[in-house]
Structures are given as structure tokens and as C-alpha cells.
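Listed below, chain by chain, are the residues.
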Amino acid sequence: MADERARAPVADADVCIVGAGPAGGIVAHRLAESGQNVVVLEAGPRFDGDRREQLEAHVRPGLDGPWEMGGPRDAFSSSGESFYPLNAARVKGVGGTTLHWQGMVMRLHERDFELDSRHGVGADWPLDYDDLKPYYAEAERELGVAGAMDNPYAPPRDDPFPMTAFPPSHSDSIFAEACERLGLDMHSVPSARNAEPYDGRSPCVGYGTCKPVCPSGAKYTAESHVEKAEAAGARVIDRARVRRLEHDESGERVVAAAYTTPDGETHRQAADQFVVACGGVETVRLLLLSESDRHPNGLANSSGVLGRYFMDHLFAGMGGRLDRPTRQNHVGFNTSECHQFYDDTEPVNGVKLEFLNYAGPSPVIDALHADTWGDELLEQLDESYGTHISMGALVEQLPRADNYVGLDRETTDDLGDPVPEVHWSIDDQTKTALSRANEVQASVLDELGVDVEWTVGPDNTGPAFHHMGTARMGDDPDSSVVDAECRTHDVRNLWIAGSSVFPTGGAMNPTLTIAALAVRLASSLRARLS
Amino acid sequence: MRLTRRDALAVLAGLGITGGALGLSTLDPTAADGDGSSGDRDPAETDLLATMTAAAEVVYPSQVTGVGEFVETYVTGRSRDASRQAAMETVVSELDEIARDWHGAPFADLAADDRDDLLRELGVADSEPVPEGNVSERVRFYVVNELLYAFYASPTGGRLVGIENPIGHAGGTDSYQRAAMDGGQSDVNAGENDG
Ligand SMILES: Cc1cc2nc3c(=O)[nH]c(=O)nc-3n(C[C@H](O)[C@H](O)[C@H](O)COP(=O)(O)OP(=O)(O)OC[C@H]3O[C@@H](n4cnc5c(N)ncnc54)[C@H](O)[C@@H]3O)c2cc1C
Ligand code: SF4
């Protein structure tokens, strides 16, 4: 009972934020700190306690996944040529998908904001790198980024990173020999992971399980912003699934968020301003579910582009064996990457190369899946561990109107609401860029004398789990959903935080840009409230 | 290659199980030989330790010594979770019953080869580990995989296959930078260095 009372709406809320991932968490913290009465409604639970249960759930076969994803609450459908494994690509809970994420955080390059004017493809953003630069710096402080100014291809920056970079791995030094001969540059990977104590969290202690869980708290999760928001007075209601946003008669203002709690009760949270921060897929679903006479195609969708231009980054990779120890799987993150081909025009899609520190199997995980034990198992592990080496890459997918997130009205979730439909395919241009990534990877591995055992390229690629582009930002209300401040063109007090608003996605993991835009959104919103 | 109590404590620390009591109970000289004969344990717990140790002797590589002390420390730590202890005791008593049926003696009293045969004949090697599954699946989950996890997530077990900082062990951020395993002792406190 007490539990359910705790899920009742908050009186006199200035701002209602839907979703407690990094986008919602940062906005909540900023606004609560500046004295606004903030309420956050989060569909998933709080994962309390230490993270050892999740560690075990990850390492040991036979247990449910660490973050309880994939039940009837999370039903979805996937259409289009390529299956989209949505529930592997998100987490619902306080902290959002950063509970599971890897934590590589790069700024987009300057060209990413101007692909159309520079190269005649994709779209321009209504803001450029310089507009976002100070917010990127703030976002790096917010997340706690360890990095170094050793990347000549990265966009200009004014300040050093908040923490020094993690030193390169032994396996990076193996790659370095080949890269040097081939004229390929290697640089450190900016990491939202403590290289030293930061923001009250531990430094990395080397559990090696960053994705999907960091038991030490060294990896940033948005739980830290949610906690800070609560300390500044925000109310965070977990297991509160927002099902509709309701507007006034004019259709120009949202007046309430209708949400359902675990006891089956539906409540209405009123507020002056609403921020939707549900991730690239659920954000669209919520707006589409909120259709009305005034907004027959979904809330804030007079342009008809809501849900369209869904993009992800595609993975390209290659790996095999060397004739010497490669020292993999000590830590769960990478320490070197290469942006050298990122700004190329042939192909124009961005390509970011990665040198992996977790190539091949981990002996402990292999042992738990083996069909033997004793000396026989030891022999198998001796053979399977020790000499693997691999490269990865993220490849840009350009926005296309026929990749979209919609509603599958035939299929409903456990509350009876239509599930999201992800309609996704991979175009030929993206496939060409994947081949290009494979080409560079092959040249490096060949130079090293690696016996290549596997390739992920145009024919068997998969998504990197970065949902972008479904509520694109632009100056023109006829062709975009939000303006450069991330406020919807159609509804004056409705804002969208998250990668939905990206007009293009580059090939950089999106969350630093999400965080920078969230910081920016918070200051625009604050200005309107005061 | 010798397993130590420190190894078991390191794995337990990775699972969030720390504290002096673990060290104390295993410092009891009557318990240190790992035969489960320790004075004031209840019989189910004694059987559990004896059976887990007997299983570890076949599940671990033959060159490994120090199994008794290691398993006792580890299982004692895991038993702090009463429901896990109950599930382990149940499956261990079922295993004993099968051993009595097939070989006329409890599992721990069988020759090592017979223990190995029994587990294989029970289909444990090919079974999925399922905590709520049939007896073979539960033996896989609560006995074999529990023991394999403890071993290969420990610094000494990891070293045997070339990794002194295995997944699940908070072995710091130096090892990934090194070209080869250092010769050093496992650092049992590493897992407590968190916040
Ligand atoms: C395996 C994996 C690895 C990743 N690695 C990286 C990486 O290295 N670098 C990087 O930059 N990014 C990475 N990402 C992506 C990163 O996690 C996301 O970009 C980021 O979490 C998005 O933040 P967000 O706040 O927009 O959405 P989310 O973090 O997804 O949070 C959205 C929240 O909204 C809630 N919500 C949804 N619908 C509703 C509703 N109707 N009512 C109430 N609440 C709702 C959800 O429950 C969720 O908690 C990775 C993702 C995955 C899956
Ligand atoms: S290696 Fe990853 S999981 Fe381990 S402490 Fe560091 S950040 Fe956390």
C-alpha cells in the first residue's frame, strides 16, 4: 500500500520527465537543481543493491538476463528486411540502457552536422559543432569521461578530458606494430568510466564485465543523475508506464501524462512542461499512442515524419589467432580506436575502427558451457584462450524515410497497447561502407600475420543498438518534429530528449551527444520557465 | 598448482561476499582438511561440504591441490544465502541417493573414477544448467557449474589457462597492459576496493 501511494502523482509539478535513462536523468538533475518541481516517470524498476546478482546472471548460464528485459511489457515487432533485436538493444529501469551499455563516448565530427551541405547526402542539423561544443564539454564532466587529446581527427576541443585516459592494452601494442607499418593512426578511446575516483564512484577495478554490468560502479550509469536529481528534490516514480500524453482543447499544450502502476491503477500527472526521454523507439511509440482529433497521426506529428528515418550504427568486425599471447578479456572495454577514415568521402558514410580488448572467449564463461570437466576441459580451454585478436568498427547508416518505427496495431502488450514496430533494412551504400571497414581490418590483420577465422561484414552485419533519428530535429516544421532546442514544433510545452532527434547519426556511439543535447535542452527549458 | 583459501575469498569478493567470518570458520583446524568433519556443523552442511569437495576433485584438473580448503571456504561463503544453501543441500542429497542406489555408498565415499562416471552417466556433462530443472540440470547448475565458476574465476584457476585477472575477478587495471602474466600472488583485497 505504502508502495503504491509512493507512485501517486506529484502536486504542482513544473516539469514531468518520462524516462530515467541518461537523457531524462540529466534533464531532471539540471532542472531540480535550479529549483523546479520535477517528477520523473520511469517504466522499469529500480535495480537496488550491489550489482553481484547481475554479474552472476551475466556470467552463469541458466539464469535470466541481468536486466529483466523481454517479457510481455517489452513486446515489439520487427518488419523490414533485417530483423531488429529490440530487447537486446535497450534496458528499462532507473538508469535506462546505460545499466547495460559499454560506455564509449565520442563527440560527433564537424562534418556530421552538415552532411547535406558538404556532401549532398543525409540532412544538415539545425545547429553545428560549434554550437554544441560547450555542451559536449559539460556532458563529459557530467558522465565522467577518461580520455586524451591524442586524436588528430577528432573535432577541436577547448579543455582536456575530466580524467586521463586508460593506458593502451598489451594487445594495442601488438596492433601498433602493424598500424605503424601501414600508416594507420591509433588513438585512445574516450570512456565514461572512472580511471580514478570521480563523482563519488570507484575507479575501475577490472571486473571485465562492463557490458552488461559493472559491479564496482566505475562505469557511468544514469542512476547517478537520477540520484542527484532526487537529492535536489525531484520525485522519481519507478514502474510507472506512461501510456498517453493528454493535451488541452487547442492541442497546443500537453496537460497530463497518464501512467499505469503495477497495481493496475492509472494516474494522471499534470505539469507545465513535459519531456519525453524514452529512448529512440518508445519515444515515438508514446507520441503515436497519444493520437487525438487534433493530432490524428500522433502527437506532434503534423509533419508526418515522426518515426521515420530510423537509423542505427552497423557493426563490422574481423578476428582470428596469432602465434603469441594477446591478453584478452582482462577488462571489458577498449583502449584504442582509429578515426582516420571517418571523414572520407569514398564512401561518405562515417567509419570508426576499434581495436578490441575482448577478442575470443573468456575461459570462465567457456568452462560453464563446456560438455566436460577435469583435465579434458583444461585442455579445451588451453586451446581456446590466449591468442585471439580482433578488430571492430561502427559504420554510419544514412537516414531513409522507409526505415521507421511505427505501431503494430495487431499486437498489444500486457496493458493492451499496440507494440512498437521497427521496420528496418540496410541499404547498399551502408553495405559498401561495411566492406570498406572490412578491407582496412583485413589489411591490419594480414600485416600482423593473423589467421582470420571470422568476419562480420555486409552480409551478416547487425545493429550496434543505437536507436536514432525517429523524431528528427530541424528548422522546418514540415519536415522535422523538434526544433534546435528539442522542443516539438506542434506542441509548445513538449520536448524530446534523446537520439530520436538526430537528423544523422555519424558513426560515433550516440550517448555523449544525447547528454550534450540534454544539457542544452535543460537550459532552454529553464529559460522558458523563468 | 595449489588453490588457497585466498583464491576462494577473491571469488567470493567478486560476488559481493566478504567478511571476517569466512576466514574464521575455515581457520578452524578441524575444518581445514576439507573432509567436512568440523565439530558443530549440522549434518546437512557437513554432507554438502563433503559432496562438493568430492565433486571438485573430479571437476578440477588433476594437477590441482588444496581443493578441500578452497571448496570449503567457497561453499561456506555461498551458504550465507540460505535459499542457495537449501537448494545446494537438496541437490546434493539427491546425488547421494543416486550414488547409494547405483554404487551402494554416498557420493563422497566413491572412488574418483566412479564419481566421474556417475556424473557423466547422469547426463550432467551434456545438461544445461537449470536451477529449477531436473536432477541432472540442477547438479550441473548447483554443483558442477558452481565449482567451475569458483575455480576459473579465481586468480589461480585463471592462471592455469593464462589469465590472472579472469572475468568476475576484480583484478585491477594493470594486468591488461602487461605482455605476460606476472609471477605474483593473487590480490585478495582487490574486490573490496569498490564504492
Ligand atoms: C549493449 C549496448 C551497448 C551500448 N554501448 C554504448 C556505448 O558504448 N556508447 C554509447 O554512446 N552508447 C552505447 N549504447 C547506447 C546507450 O545505452 C543509449 O544511447 C542511451 O542509454 C540512450 O539514453 P536515453 O536516455 O535516450 O534512453 P534509455 O537509456 O534507453 O532510457 C530510456 C528510459 O525510458 C523508459 N521508458 C520508455 N518508455 C517509457 C514509458 N512509456 N513510460 C515511462 N518510461 C519509459 C525506459 O524504461 C528507459 O529506462 C549501448 C547500448 C546497448 C544496448
Ligand atoms: S572493467 Fe568494466 S566492469 Fe570492471 S570495474 Fe572496470 S568498468 Fe567496471
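A quick note: this is a predicted structure, and the numbers were derived from the prediction, not measured.

(A) Region of interest: the overall build of chain B. When helices and strands are counted, chain B shows eight helices and zero strands. Along chain B, from the amino end to the carboxyl end, the secondary structure elements read α-α-α-α-α-α-α-α. When the 195 residues of chain B are sorted by exposure, 58% land in the buried category. Carbon and sulfur atoms make up 47% of the accessible area of chain B, which amounts to about 7500 Å² in all.

(B) Main features of the site of ligand 1. Residue and element names in this part refer to chain A. Looking at ligand 1, there are 38 residues lining it, with Glu-42, Thr-97, Met-104, Val-242 and Thr-511 nearest. Contact between ligand 1 and Gln-102: a nitrogen atom at 3.1 Å from a main-chain N or O atom of the residue. Between a nitrogen atom of ligand 1 and a main-chain N or O atom of Met-104, the distance comes to 2.7 Å. Summarising the interface, the protein chains cover 94% of the accessible area of ligand 1, which totals 990 Å² for the free molecule. Elements supplying a minimum of two residues to the shell around ligand 1: helix H2 (22-33), strand E8 (241-247), helix H8 (279-289) and helix H12 (511-529). Among the residues forming the shell around ligand 1, the class breakdown is 18 nonpolar, 15 polar and five charged.

(C) Main features of the site of ligand 2. The environment of ligand 2 is formed by 13 residues, the closest being Arg-193, Cys-204, Tyr-207, Cys-210 and Cys-214 of chain A. Grouping the constituent residues of the shell around ligand 2 by class yields seven nonpolar, five polar and one charged.

(D) Main features of the pattern of salt bridges. Residues and elements named next belong to chain A. Per the stated rule, a full pass over the model turns up 45 salt bridges over all chains. Two residues, Arg-324 and Glu-177, come together in a salt bridge whose shortest N-O distance is 3.4 Å. Pair noted here: Arg-324 is in the loop between strand E12 (314-321) and strand E13 (336-338) and Glu-177 is in helix H6 (residues 170-182), with a separation of 147 residues, a long-range link. Classification of Arg-324 by relative accessible area gives partly exposed; the value is 29%. Here Glu-177 falls in the partly exposed class, since its relative accessible area comes to 34%. Glu-453 is the salt-bridge partner of Arg-321, the closest N and O atoms lying 3.7 Å from each other. With a gap of 132 residues between them, Arg-321 in strand E12 and Glu-453 in strand E18 (residues 451-456) connect regions that are remote in the sequence. Its relative accessible area of 46% is what places Glu-453 among the partly exposed residues. Residues joined by salt bridges that share partners form a network here, namely Arg-73, Asp-74, Arg-90, Lys-92, Arg-241, Glu-282, Arg-285, Asp-413 and Asp-414.

(E) Spatial organisation of the sheet that holds strand E10 (residues 266-270) of chain A. Residues and elements named next belong to chain A. Strand order in the open sheet made by the three strands is E8-E9-E10, with antiparallel pairing throughout. For this open sheet the edge positions go to E8 and E10, each flanked by a neighbour on one side alone. Averaged over all pairs of adjacent strands, the angle between strand axes in this sheet comes to 25°, irrespective of strand direction. Bridge analysis of E8 against strand E9 (residues 254-260) gives six bridges, and the strand direction is antiparallel. For Arg-244, the partnering residue across the bridge sits in E9 and is Ala-258.

(F) Molecular detail of helix H5 (residues 82-103) of chain B. All names here are of chain B. Between its first and last C-alpha atoms H5 spans 31 Å; for 22 residues at 1.5 Å apiece the expected length is 32 Å, and the two agree. Regarding H5, the residues found buried are Arg-84, Gln-85, Ala-87, Met-88, Glu-89, Val-91, Val-92, Leu-95, Asp-96, Ile-98 and Ala-99. At the exit of H5 stands Gly-104, carrying a positive phi of roughly 75°.

(G) Structural context of the sheet that holds strand E16 (residues 404-412) of chain A. Residue and element names in this part refer to chain A. The strand order across the open sheet formed by three strands is E3-E17-E16, and the pairing between neighbours is mixed. Pairing within the sheet leaves two strands with one partner each, and these edge strands are strand E3 (77-79) and E16. On average, each strand axis in the sheet is inclined to that of its neighbour by 35°, with strand direction left out of account.

(H) Summary view of the interface of chain B and chain A. Taken together, the 54 residues of chain B in the interface contact 47 residues of chain A. Of the roughly 4200 Å² buried between chain B and chain A on both sides combined, carbon and sulfur atoms contribute 57%. Counting across the interface, chain B meets chain A through four salt bridges. Arg-60 of chain A is paired through a salt bridge with Glu-146 of chain B; the nearest N and O atoms lie 2.8 Å apart. Taken together, the connections running from chain B to chain A amount to 22 residue pairs in polar contact (both at pLDDT 80 or more). Taken together, the elements giving at least two residues each to the side of chain B that touches chain A come down to helix H1 (5-14), helix H3 (43-59), helix H6 (112-121) and helix H7 (135-152) of chain B. Its residues placed into classes, the side of chain B that touches chain A shows 27 nonpolar, 17 polar and 10 charged.

(I) The arrangement of the nonpolar core in detail. Among the nonpolar cores identified, the biggest contains 127 residues, and Val-27, Val-38, Leu-41, Leu-143, Leu-245, Val-275 and Leu-494 of chain A are the most heavily contacted of them. No other element matches H12 of chain A, which puts 10 residues into this core. If you count residues domain by domain, this core takes at least three from each of domain 1 (1-143 + 221-312 + 401-424 + 467-530) and domain 2 (150-218 + 314-395 + 426-462) of chain A. Apart from residues lying up to four places away in sequence, Val-27 of chain A is in contact with Ile-17, Val-275, Ala-497, Ala-518, Leu-521 and Ala-522 of chain A. Val-58, Val-64, Val-91 and Leu-122 of chain B belong to the second largest nonpolar core, which has 69 residues in total.

(J) Layout of the domain arrangement of chain A. Residues and elements named next belong to chain A. Domain parsing of chain A yields domain 1 (1-143 + 221-312 + 401-424 + 467-530) and domain 2 (150-218 + 314-395 + 426-462). Between domain 1 and domain 2, the residue contacts involve 43 residues of the former and 47 residues of the latter. Buried surface at the junction of domain 1 and domain 2, both sides included, amounts to about 3800 Å², of which 58% is carbon and sulfur. It is Gln-102, His-109 and Arg-111 that lose the most area in domain 1 upon contact with domain 2, and together they represent 17% of the buried surface on that side. For the pair domain 1 and domain 2, the interface holds three salt bridges. Counting every contact that joins domain 1 to domain 2 gives 19 residue pairs in polar contact (both at pLDDT 80 or more).

(K) Quick look at the pairing of strand E14 (residues 351-355) of chain A. Residues and elements named next belong to chain A. With five of its five residues buried, E14 lies for the most part within the structure. Here E14 shows a buried face lined by Val-351, Leu-353 and Phe-355 and a second buried face lined by Lys-352 and Glu-354. The sheet contact formed by E13 and E14 spans three bridges and is antiparallel. Looking at E14, one finds that Glu-337 is bridged to Glu-354. The pairing of E14 with strand E15 (residues 388-395) spans five bridges and is antiparallel. Within E15, the position partnered with Glu-354 by the bridge is Gly-392.

(L) Structural context of H12 of chain A. Here H12 of chain A is 19 residues long and its end C-alpha atoms lie 26 Å apart, about the 27 Å a rise of 1.5 Å per residue gives. Of all 19 residues in H12 of chain A, 14 are buried, a share of seventy percent or more.

(M) Summary view of the environment of Val-67 of chain B. Residue and element names in this part refer to chain B. By the secondary structure assignment, Val-67 is in helix H4 (residues 67-78). In this structure the C-alpha to C-alpha distance between Val-67 and Val-135, which are 68 residues apart in sequence, comes to 24 Å. If we ignore the near neighbours within four places in the chain, the residues touching Val-67 are Thr-53, Ala-56, Glu-57 and Tyr-60.

Rules and cut-offs
- Residues numbered from 1 in each chain as written.
- Chains lettered and ligands numbered in written order.
- Predicted model: local features only at pLDDT ≥ 70, side-chain atom pairs only at ≥ 80, totals over all residues.
- Heavy atoms only, no water.
- Helix = DSSP H or I, 4+ residues; strand = E, 2+ residues; numbered from the N terminus.
- Buried < 20%, exposed > 50% of the residue type's maximum accessible area, 1.4 Å probe, protein only.
- Areas by Shrake-Rupley, 256 points an atom, 1.4 Å probe, with all protein chains shown as cover.
- Near = heavy atom within 4 Å.
- Polar contact = N/O pair within 3.5 Å; in protein donor to acceptor, adjacent residues only side chain to side chain.
- Nonpolar A, V, L, I, M, F, W, Y, C, P; charged D, E, K, R; others polar.
- Salt bridge = Lys/Arg side-chain N within 4 Å of Asp/Glu carboxyl O.
- Pairing = 2+ DSSP bridges.
- Axes fitted to C-alpha atoms, helices over the stretch in contact; angles between N-to-C directions.
- Expected span 1.5 Å × (residues − 1).
- Contact = heavy atoms within 4.5 Å.
- Buried area = accessible area lost by both parts, 1.4 Å probe.
- Core = buried A, V, L, I, M, F, W, Y, C linked by side-chain atoms within 4.5 Å.
- Domains from an automatic or database assignment.

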